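# Remarks on the overall topology
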Protein chains: 2
Amino acid sequence: MVSTSAFARSAALVGDPARANMLAALMDGRALTAKELARAAGVTPQTASGHLARLTEGGLLAVEQQGRHRYHRVASASVAHMLESIMSVAAECGGVARGKPISVGPRDKALRHARTCYDHLAGELAVRLADKLIERGHVDFSADGGALTPEGATFLIALGVQFEAKSSHAASGRGSRLFCRPCLDWSERRSHIAGAVGAAICQCCLGHGWVKRLDGTRAIEVTPAGRRGFASAFDLFIEN
Amino acid sequence: MVSTSAFARSAALVGDPARANMLAALMDGRALTAKELARAAGVTPQTASGHLARLTEGGLLAVEQQGRHRYHRVASASVAHMLESIMSVAAECGGVARGKPISVGPRDKALRHARTCYDHLAGELAVRLADKLIERGHVDFSADGGALTPEGATFLIALGVQFEAKSSHAASGRGSRLFCRPCLDWSERRSHIAGAVGAAICQCCLGHGWVKRLDGTRAIEVTPAGRRGFASAFDLFIEN
DNA sequence: CCGAAGCTTCGGTCGCGGCCGAAGTATCCT
DNA sequence: AGGATACTTCGGCCGCGACCGAAGCTTCGG
């Protein structure tokens, strides 16, 4: 039995304000150092170190050492998905202190429009992009949890999307990362593209300068070049 | 901005062992009384009452009063989805105390095979059922976050599936409940059918006696009648 | 080899929150 | 009415864990 205590433990790790701030800062998929995370959480490095140890031990974060720096990142896509789903609930029920209809700030608006979700694109932009790819038969979400069709692969490669060559590790059973997986978008309530394909598309868009990250948040902005690019490549027209 | 403190608060509510046990007990979509939940959590009724008040205040539970009984249930499908995603992470990283390959108990096996997820079917059974319906063109997950086709509606109604007649409330914007939504299955890593259609199918299967709940868990069992029913209605053959 | 930087470990303080016993309120039954 | 049941509120106890200061460890640069 997956003990309910493991269930509580995972949630408790996210439940501390300092750790929640750290996780929120890591939600864009980047790897940050302990000091940066301490700043983000508003605590001293010692305290942050303790929290990071717990998060790593609990399987929520993975750490990579480079010289005297230790880079922390979200451990897996399923952890990122869990964090997104908690955010979704918090957004729904969090602000109802006095029945107010959840005033949505401009910050929120930007997040709803386009953001990163761990390592792939999310928000309205990503959902519309997924729609286009499905419409053209490049991606199929109805089959076996999501698949990239041969035509889709050809199309994306021609566009400059580079997929990981890690097929050796990809064969390691059902625990391995799904190639092209639907991911339910918390703001749009519809699926966008996650998995290796989603990550590669995101990298491609960043590489082409079509989108760029906004300051220290998960929100992203579509550049003028991006508007042209999305229009010509995907027949997708972004307003604003 | 959806404050990160709301984020932490939602997670912290799930993070307490007693509350986690209560939520786990409610994951099958039933509504339970405070006393039953106190037993499930292993605490006294007073303590349980306090926890339930917090969970309700936090928007995770909804409560319905009937005479001197107060029935508590999971507040929404998105909350149920959050709980499933936390379980998913807990199942992955929870048992790795000593690198052991997560020994899967018989209880777990039953859960993986067939269970309820809030108000609809989940597990291998549900995923295979979804596959069949997609294959026949009764359900379409590629369109607009999931849709029931006209043929699908005809087929299900003929089968005795009864949909809610709440179309008045269903018109209340995008926040309203999706009619037929894909829900990523944590054990199978593939989508099954959620939303109103998923709930109606689950009700139908229970009503026909095709499946029945096992004692106090979320696991369900396919009856002999169910094996015949799934085979004739969906061309779906259940072993074991 | 020395100092600085990044991070962790240790030790001690302190406050939040879980827990229960007892008492209070509401509802049902006869 | 009287008693039983379901649940909540109040008050006090207690322990876990978050936090920081100080000290230790490792790596990098000169």
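A brief structural summary. (Residues numbered from 1 in each chain as written. Chains lettered and ligands numbered in written order. Predicted model: local features only at pLDDT ≥ 70, side-chain atom pairs only at ≥ 80, totals over all residues. Heavy atoms only, no water.)

## Brief notes about the overall build of chain A
In plain terms, the rule: The helix and strand labels rest on DSSP assignments: H or I over at least four residues marks a helix, E over at least two residues marks a strand, and numbering proceeds from the N terminus. Here the term buried applies to any residue with accessible area under 20% of the maximum for its type, exposed to any over 50%, and partly exposed to those in between, with areas from a 1.4 Å probe on protein chains only. Note on areas: these come from Shrake-Rupley sampling with a 1.4 Å probe, and a residue is covered only by the protein chains present in the view.
A count of helices and strands for chain A gives eleven helices and eleven strands. Considering chain A as a whole, with its 240 residues, one finds that 50% of them fall into the buried category. In the form shown here, chain A has an accessible surface area of approximately 11200 Å², with 54% of it arising from carbon and sulfur atoms.

## Section: the protein's contact with DNA strand D
Rules: The criterion for a residue being near a molecule or strand is simple. One of its heavy atoms has to lie within 4 Å of it. A 3.5 Å cut-off defines polar contacts: any pair of N or O atoms within that distance qualifies, except that in protein one atom must be a possible hydrogen donor and the other a possible acceptor, and neighbouring residues in sequence count only when both atoms are side-chain atoms.
Taken together, the neighbourhood of DNA strand D is formed by 20 residues, with Gln46(A), Thr47(A), His51(A), Lys35(B) and Ser49(B) sitting nearest. Considering DNA strand D, the proportion of its atoms within 4 Å of the protein that are sugar or phosphate atoms stands at 71%. The contact in question runs from a phosphate oxygen of DNA strand D to an N or O atom on the side chain of Thr44(A), over 3.0 Å. With respect to DNA strand D, the side chain of His51(A) contributes an N or O atom lying 2.5 Å from a phosphate oxygen.

## Description of the sheet that holds strand β3 (residues 69-74) of chain A
All names here are of chain A. This is how it is decided: Two strands pair if DSSP finds at least two bridges between them. Should any heavy atoms of two residues lie within 4.5 Å, those residues are counted as being in contact. Axes here refer to lines fitted to C-alpha atoms; in helices the fit is confined to the stretch in contact. Angles between the N-to-C directions go from 0 to 180 degrees.
The three strands are arranged β1-β3-β2 in an open sheet whose pairing can be described as antiparallel. On the outer flanks of this sheet lie β1 (32-33) and β2 (61-66), each paired with one strand and no other. Sheet analysis places β2 next to β3, joined by six bridges and oriented antiparallel. The residue bridging alanine 62 from the neighbouring strand is arginine 73, located in β3. Taken strand by strand, helix α4 (residues 45-57) contacts β2 and β3, and its axis lies near 115° from that of β2.

## Describing the packing of helix α2 (residues 17-26) of chain B against helix α4 (residues 45-57) of chain B
Residues and elements named next belong to chain B. As a reminder of what qualifies: Here is the rule for angles: anything less than 35 degrees is roughly parallel, anything more than 145 is roughly antiparallel, 65 through 115 is roughly perpendicular, and the remaining ranges are oblique. Just so you know the grouping, Ala, Val, Leu, Ile, Met, Phe, Trp, Tyr, Cys and Pro go in nonpolar, Asp, Glu, Lys and Arg go in charged, and all remaining residues, Gly too, go in polar.
One way to put it is that α2 packs onto α4 with a least axis distance of 10 Å and a crossing angle of 70°. As far as their axial angle goes, α4 and α2 are roughly perpendicular. From α2, Ala18, Arg19, Met22 and Leu23 reach across to α4, where they touch Ala48, His51, Leu52, Arg54 and Leu55. Partitioned by chemical class, the residues of the contact of α2 with α4 number six nonpolar, one polar and two charged.

## Looking at unusual backbone geometry
Residue and element names in this part refer to chain A. Although it is not a glycine, aspartate 235 sits at a positive phi angle of roughly 60°. Take aspartate 235: it is sitting in the segment after α11 (224-234). The class for aspartate 235 is partly exposed, based on a relative accessible area of 41%.

## A short note on the side chain of Arg19(B)
Residues and elements named next belong to chain B. Spelled out, the test is: The sign given to each residue is positive for Lys and Arg and negative for Asp and Glu; His and the chain ends receive no count. A pairing counts as a salt bridge when a side-chain nitrogen of Lys or Arg comes within 4 Å of a carboxyl oxygen of Asp or Glu.
Position of arginine 19 among the secondary structure elements: in helix α2. Among buried charged residues, arginine 19 stands out as having no salt bridge; its nearest opposite-charge side chain is aspartate 16, 4.7 Å away. Only 3.1 Å separates the side chain of arginine 19 from the side chain of histidine 51, close enough to count as a polar contact. Excluding residues that lie within four positions of it along the chain, arginine 19 makes contacts with Ala12, Leu13, His51, Arg54 and Leu55.

## Quick notes on the pattern of salt bridges
A side chain of one charge can pair with a side chain of the opposite charge if their charged atoms are brought near each other. Residues and elements named next belong to chain A. According to the stated counting rule, one finds four salt bridges over all chains in the structure shown. Here arginine 115 makes a salt bridge to glutamate 84, at a shortest N to O gap of 3.5 Å. Of the two residues, arginine 115 sits in strand β4 (residues 115-117) while glutamate 84 sits in helix α5 (residues 77-93), which places them 31 residues apart along the sequence. Residues arginine 115 and glutamate 84 agree in their burial class; the two are buried.

## A closer look at the protein's contact with DNA strand C
Close to DNA strand C lie 20 residues; Lys35(A), Ser49(A), Gln46(B), Thr47(B) and His51(B) are nearest. A share of 74% of the atoms of DNA strand C within 4 Å of the protein falls on sugar and phosphate groups. Separating a phosphate oxygen of DNA strand C from a side-chain N or O atom of Ser49(A) is a distance of 2.5 Å. At a separation of 3.1 Å, a phosphate oxygen of DNA strand C approaches a polar side-chain atom of Thr44(B). Only α3 (34-41), α4 and β3 of chain A together with α2 and α4 of chain B provide two or more residues apiece to the surface near DNA strand C. In terms of residues, the surface near DNA strand C owes the most to one element, α4(B), which gives four residues.

## A few points about helix α8 (residues 150-159) of chain A
Residues and elements named next belong to chain A. Here is the rule we go by: Arc, as used here, means the arc of the directions from the helix axis to the C-beta atoms.
Turning to α8, its buried residues are Gly152, Phe155 and Leu156. Buried residues along α8 cover an arc of 95° about the axis, so they all sit on one side. The exposed residues of α8 that point more than 90 degrees off its buried face are Pro150, Thr154, Ile157 and Ala158. In this fold, the buried residues of α8 make contact with α7 (124-135), β7 (147-148), α10 (195-207) and α11.

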